Amino acid sequence: AGGVTTWNTYMGAGYNIRCVKEGNGSYIFAHVGPRCVLIGDSISRMWNSNDPSFFTDQYLLGKGIDGQTTEQIKARFFNDVIVQDPKCVHIMCGINDMANNDGANRTNEGIFANIREMAEMAASKGIKVIIGSTPPANYIWWLDEEWNAANDVAQRVIDLNVMLKAYAEERGFGYADYHSVLKDEENGLKKEYQVDAVHPNLEGFKVMESV
């Protein structure tokens, strides 16, 4: 109606070309991408799955893939973000690197370097950047007790977020601090906000949306 596509077309295609009809009867092409792409791992994917209306109502595009590390997310960043031509990108990841999902034994510095590379790629294309803190976790449930006892995941998450926040402030990027509103007294994910020790539930995602 009136030459403007609906949100159904918008999200169904991943992007759209919206034509706006002016008074003289001609058409001009408006911005072609989503308002924001949320790229990340299973946390971003579950956010979209648990509260799809938040994404459709806000013209957001979810690009989370389960189990992926920052290196794997970076490899698809151009196609999943840059090609979509969003106004903004939200980058949230890191926990799978700490769990060594890709076998790389990546340090926090390596995780940070990958996130920084993605952020700078987006900024170079005129895309606004929001860096999401890695949500709190003090136990990686898919790894054994021995591994968890030997690795202080909760502190690694805190240390990574300190780096990410400082970088965002230095570059003038947005920083979404989910950690402080989701953590319990042991710097894990609050029971009432979790599906498991790593993934938020719908109530947790609602808290994240308020941030």
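Residues numbered from 1 in each chain as written. Predicted model: local features only at pLDDT ≥ 70, side-chain atom pairs only at ≥ 80, totals over all residues. Heavy atoms only, no water.

Draft legend 1. Up close: the pairing of strand β3 (residues 36-40). Among the five residues in β3, five count as buried, and that is most of the element. On β3, burial covers both faces: Cys-36, Leu-38 and Gly-40 on one face and Val-37 and Ile-39 on the other are all buried. Sheet analysis places β3 next to strand β4 (residues 60-64), joined by five bridges and oriented parallel. Bridge assignment links Val-37 to a residue of β4, and that residue is Leu-61. (Buried < 20%, exposed > 50% of the residue type's maximum accessible area, 1.4 Å probe, protein only. Helix = DSSP H or I, 4+ residues; strand = E, 2+ residues; numbered from the N terminus. Pairing = 2+ DSSP bridges.)

Draft legend 2. Region of interest: the sheet that holds strand β6 (residues 128-132). The strand order across the open sheet formed by five strands is β4-β3-β5-β6-β7, and the pairing between neighbours is parallel. Every interior strand has two partners, whereas the edge strands, β4 and β7 (174-176), have only one. If you compare each strand with its neighbour and ignore which way they point, the axes differ by 20° on average. The pairing of β6 with β7 spans three bridges and is parallel. Pairing of Gly-132 across the sheet is with Ala-176, part of β7. (Axes fitted to C-alpha atoms, helices over the stretch in contact; angles between N-to-C directions.)

Draft legend 3. View of the confidence of the model for the protein chain. A residue-level look at the protein chain finds 85% of positions with pLDDT of 70 or above and a mean pLDDT of 89. This stretch, residues 1-29, has a pLDDT under 50; its non-local contacts, to residues over four places away or in other chains, come to 48 contacts. (pLDDT = per-residue confidence, 0-100. Contact = heavy atoms within 4.5 Å.)

Draft legend 4. Region of the structure containing the pattern of salt bridges. Under the counting rule described, the total for this entry stands at ten salt bridges. Between Asp-51 and Lys-206 there is a salt bridge, with its nearest N and O atoms 2.9 Å apart. Residue Asp-51 is found in the loop between α2 (42-50) and α3 (52-57), and its partner Lys-206 is found in helix α11 (residues 202-210); the two are separated by 155 residues along the sequence. Close ionic contact of Glu-209 with Lys-206 constitutes a salt bridge, the shortest N to O distance being 3.9 Å. Of the two residues, Glu-209 and Lys-206 are both situated in helix α11; the distance of three residues between them amounts to about one turn of the helix. (Salt bridge = Lys/Arg side-chain N within 4 Å of Asp/Glu carboxyl O.)

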